[in-house]
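Descriptive structure summary
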Amino acid sequence: MLRIVPVKAFKDNYVWTLRNATHAAVVDPGEARPVLDYLSRERLELAAILATHHHPDHVGGIAELVATRPVPVYGPRKEPIPALTRPVSEGDSVRIPELGVDFSVIDIPGHTRAHIAYYGAGSLFCGDTLFACGCGRLFEGTAEQMYASLQKLRALPDETKVYCGHEYTLANIGFAKTVEPGNAALEQREARDQRLRAAGKPTLPSTLGEEKATNPFLRCLEPAVVESANKYLGARIADPVRVFAAIRDWKNRF
Ligand code: ZN
Ligand code: FE
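Residues numbered from 1 in each chain as written. Chains lettered and ligands numbered in written order. Predicted model: local features only at pLDDT ≥ 70, side-chain atom pairs only at ≥ 80, totals over all residues. Heavy atoms only, no water.

This paragraph deals with helix H5 (residues 169-179). Listed in full, the buried residues belonging to H5 are Thr169, Asn172, Ile173, Phe175, Ala176 and Val179. Taken end-on, H5 shows its buried residues confined to a sector of 165°, consistent with a single buried face. At its buried positions, H5 is contacted by strand S11 (130-131), strand S12 (134-135), helix H6 (184-198), helix H7 (208-214), helix H8 (223-233) and helix H9 (240-253). (Buried < 20%, exposed > 50% of the residue type's maximum accessible area, 1.4 Å probe, protein only. Helix = DSSP H or I, 4+ residues; strand = E, 2+ residues; numbered from the N terminus. Arc of directions from axis to C-beta. Contact = heavy atoms within 4.5 Å.)

Its volume calculated, the largest pocket comes out at about 310 Å³. Phe131, Cys135, Arg137, Tyr168 and Lys251 are, among the 16 residues lining the largest pocket, the residues nearest its centre. Mapped by element, the contributors of at least two residues to the lining of the largest pocket are H5 and H9. When its residues are assigned to classes, the lining of the largest pocket shows 6 nonpolar, 5 polar and 5 charged. (1 Å grid on protein atoms, 1.4 Å probe; cavity = no way out; pocket = protein on both sides within 12 Å on 5 of 7 lines; lining within 4 Å. Points joined across faces, edges and corners; volume = space filled by probe spheres on them. Nonpolar A, V, L, I, M, F, W, Y, C, P; charged D, E, K, R; others polar.)

Before going further, it helps to examine the coordination of the zinc ion (ligand 1). Distances from the zinc ion (ligand 1) to its protein donors, namely His53 (NE2), His55 (ND1), His111 (NE2) and Asp128 (OD), fall within the range 2.2 to 2.3 Å. If you look at the zinc ion (ligand 1), its 4 donor atoms make angles of 85 to 172° with each other, and the shape they trace is irregular. Each donor residue of the zinc ion (ligand 1) belongs to the same chain, with the gaps between them written as H-x1-H-x55-H-x16-D. Between the zinc ion (ligand 1) and the iron ion (ligand 2), both coordinated by Asp128, there is a metal-metal distance of 3.3 Å. (Donors = N, O, S within 2.8 Å, 3.2 Å for Na, K, Ca; no water. Tetrahedral: all angles 85-135°; square planar, octahedral: opposite > 155°, others 65-115°.)

All right, on to the coordination of the iron ion (ligand 2) then. Every protein donor of the iron ion (ligand 2) is listed here as Asp57 (OD), His58 (NE2), Asp128 (OD) and His166 (NE2), and their distances to the metal cover 2.1 to 2.3 Å. One can describe the site at the iron ion (ligand 2) as irregular: its 4 donor atoms subtend angles covering 84 to 166° at the metal. Mapped onto the sequence, the donors of the iron ion (ligand 2) take the spacing D-H-x69-D-x37-H. For Asp128, a relative accessible area of 4% gives the class buried.

Turning to the sheet that holds strand S9 (residues 116-120), a few remarks are in order. One open sheet holds the 6 strands; their spatial order is S7-S8-S9-S10-S13-S14, and the pairing between them is mixed. One side of each edge strand has no neighbouring strand; the edge strands of this open sheet are strand S7 (93-96) and strand S14 (206-207). On top of the sheet, helix H4 (residues 143-154) reaches strand S8 (101-107), S9 and strand S10 (123-127); it is set at about 150° to S8, its chief contact. (Pairing = 2+ DSSP bridges. Axes fitted to C-alpha atoms, helices over the stretch in contact; angles between N-to-C directions.)

Okay, unusual backbone geometry next. Each neighbour pair has its own omega, and for Leu204 with Pro205 the value is 0°, a cis peptide bond. Relative to the helices and strands, Pro205 resides in the loop between H6 and S14. One non-glycine residue with positive phi stands out, namely Arg43, at about 55°. In this structure Arg43 comes out as exposed when scored by relative accessible area, which is 72%.

Burial of nonpolar side chains together is a common tendency in soluble globular proteins. In terms of nonpolar packing, the biggest core is built from 54 residues, with Ile96 and Tyr118 touching the most fellow members. By residue number, the principal contributor to this core is H9, which donates 6 residues. The residue makeup of this core includes at least three contributed by each of domain 1 (1-86) and domain 2 (117-254). Membership of the second largest hydrophobic core comes to 22 residues, among which are Leu36, Ile62, Val66 and Ile81. (Core = buried A, V, L, I, M, F, W, Y, C linked by side-chain atoms within 4.5 Å. Domains from an automatic or database assignment.)

In summary, the side chains of a regular strand alternate between the two faces of the sheet. In terms of burial, S10 is a largely internal element, 5 of the 5 residues being buried. Alternating residues of S10 divide into Ser123, Phe125 and Gly127 and Leu124 and Cys126, and every residue in both groups is buried. Judged from the 3 bridges that link them, S9 and S10 form a sheet pairing that is antiparallel. Bridging across to S10, Tyr118 finds its partner in Phe125.

Below, the structure written as structure tokens:
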């Protein structure tokens, strides 16, 4: 049976590890050490490495991992990924026979220019694009690109489990409450996620349905979000891309 477990790296990164009784695949191994420790403790053989984008906190461990075992390395075709052997982009699929899973690749540029997501087994691995109650910064792309990428992810089924790259949830909820103070679902989410963190547990995965109900970056047509964006800008806008750009900018300064 397939299980998905978080292996922690750095301060707040998760290396999502897909495993059965004998094999494992890892998503965004920014560090090798915690992954190697987990694999040896659990007596698992590495089967594949999947990268969502080129930032060091997501790919920094790849070279050391493939040195221990030459597994396929999947990653965005148009980004510099160490030891990349299987460049992929939207329309491609990723099959990991040892785990009996298939993923389809979705192009989601914005945080980086060729950032990708992996979608399969009811799960979405979205790196630093969609976060729990937030979204990634625009380092290499435009607000238009990021908005379109988030809209693509938003179209997946509500029950899709969202596995993002960082534990940023509580800080993101703090910002979301400022943008949309009257959203009761946010209060509930905050109470639950505070309990999880107090117990030392990840707030992830969330579900896409939850994100649609609470994540301001997926709610750019909500009147309350539009109103807050207008107050922040001191201007009257309604276009969802401009609303998105305004709250992304606001979050940078929050
Ligand atoms: Zn990143
Ligand atoms: Fe990151």
